[in-house]
Each structure stands twice: as C-alpha cells, then as structure tokens.
Amino acid sequence: MKGILPIQDLLVSLNCIPVDCDSLDKCGCNATNCGSDPIAHFQIPQLLFDYGLNKAIYYIGTTDKQHPFIVYTKPFDRISTLQKYRKRGKNRPWVYIDVTPNQNGLLDCYIFDAPLIKQITVMAVFKDPR
C-alpha cells in the first residue's frame, strides 16, 4: 500500500468519543470485585494496519486537537517498562490500544495519566470508513 494511496486521503476523524471506566483484565464483572482497578477506557472501530501498526493512527488526544497522547500497541508488560524509564514526557498521558477486537468488533483503548478526561478525539485509518 506504500505509495499507492496517500494515508492523508484515508484519515477519518472521530470527535467527542465518550470515555468510561473499565477493567484492564476484561473479567466481565463489575469494578468492585475485579482483580484490577478500573481505568479510563474507550472503543474505536478496527484499524487498517496495511500501512503499519503505528502509521494507521494519526492522532489520539484531547477534543481541541492541541494535546496528542503517546500511543502504544505493544504488549502491556513491555509498555509499563518503557513508560517507567522514560526521561521526557514521563507524565504525559498515554493510550494503550489492544489490537484484538472485543465482542463488539471494536478495539479497546485504555488511557493512563489523564484523570479528568471525559471525551477524546481519534484521527486514524479505519477498515470501514463509514
């Protein structure tokens, strides 16, 4: 796909996605009796990974598009190690995207270090542009 179709022509912006709380371990129970604490969570449609894992996502951040978040798609245990030893941007908000679709056919995204966020904006290349 490289060079055939410019990625800028395929970007779709999803504005004001509501953020809720969900458990990272996806145990299917409420947050009071789960093993992990609830984390800020939102869902997005499946991404088109033909351009590469990180090239499909152009922007994830605040709704005014002024503060982008750091995006990780690697396994979560490696991310926590990488984030722990960062020198710059250690306290910047970051998003972990679980690239396996959930039961709704959407991707689960978890937000860290952004405690008061209620809505988020995503600009990416999705499999289904509708």
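Let me sum up the structure you'll find in this document. On a predicted model such as this, the values are computed, not experimentally measured, just so you know. (Residues numbered from 1 in each chain as written. Predicted model: local features only at pLDDT ≥ 70, side-chain atom pairs only at ≥ 80, totals over all residues. Heavy atoms only, no water.)

## Description of the sheet that holds strand E7 (residues 107-112)
Across the sheet, which stays open at both edges, the five strands sit in the order E2-E3-E7-E6-E5 with mixed pairing between neighbours. Two strands close off the open sheet at either side, each with one partner strand: strand E2 (20-23) and strand E5 (70-72). Strand-to-strand, the axes of this sheet are offset by a mean angle of 40°, without reference to chain direction. Bridge analysis of strand E3 (residues 38-44) against E7 gives five bridges, and the strand direction is antiparallel. Bridge pairing in E7 places Ile 44 opposite Leu 107. (Pairing = 2+ DSSP bridges. Helix = DSSP H or I, 4+ residues; strand = E, 2+ residues; numbered from the N terminus. Axes fitted to C-alpha atoms, helices over the stretch in contact; angles between N-to-C directions.)

## Side note on the pairing of strand E8 (residues 119-124)
With five of its six residues buried, E8 lies for the most part within the structure. In terms of strand pairing, strand E1 (residues 12-18) meets E8 through five bridges, oriented antiparallel. If you follow Val 12 over to E8, its bridge partner there is Ala 124. When strand E4 (residues 57-61) meets E8, the two strands line up antiparallel, connected through four bridges. The partner of Ile 57 across the bridge, within E8, is Ala 124. (Buried < 20%, exposed > 50% of the residue type's maximum accessible area, 1.4 Å probe, protein only.)

## Points about the sheet that holds E4
Reading across the sheet, the three strands line up as E1-E8-E4 and stay open at both edges, with antiparallel pairing between neighbours. In the strand order of this sheet, the two ends are held by E1 and E4, each with one partner. On average, each strand axis in the sheet is tilted by 10° relative to the strand beside it, whichever way the strands run.

## Quick look at the packing of aromatic side chains
Summed over the entire model, instances satisfying the criterion amount to two aromatic pairs. Judged by centre distance (5.5 Å) and plane angle (80°), the rings of Tyr 72 and Trp 94 are edge-to-face. Taken together, the positions of Tyr 72 in strand E5 and Trp 94 in strand E6 (residues 94-98) put the pair 22 residues apart, joining distant regions of the chain. For Trp 94, a relative accessible area of 6% translates into the label buried. (Phe/Tyr/Trp six-rings, centres within 6.5 Å; stacked < 30°, edge-to-face > 60°.)

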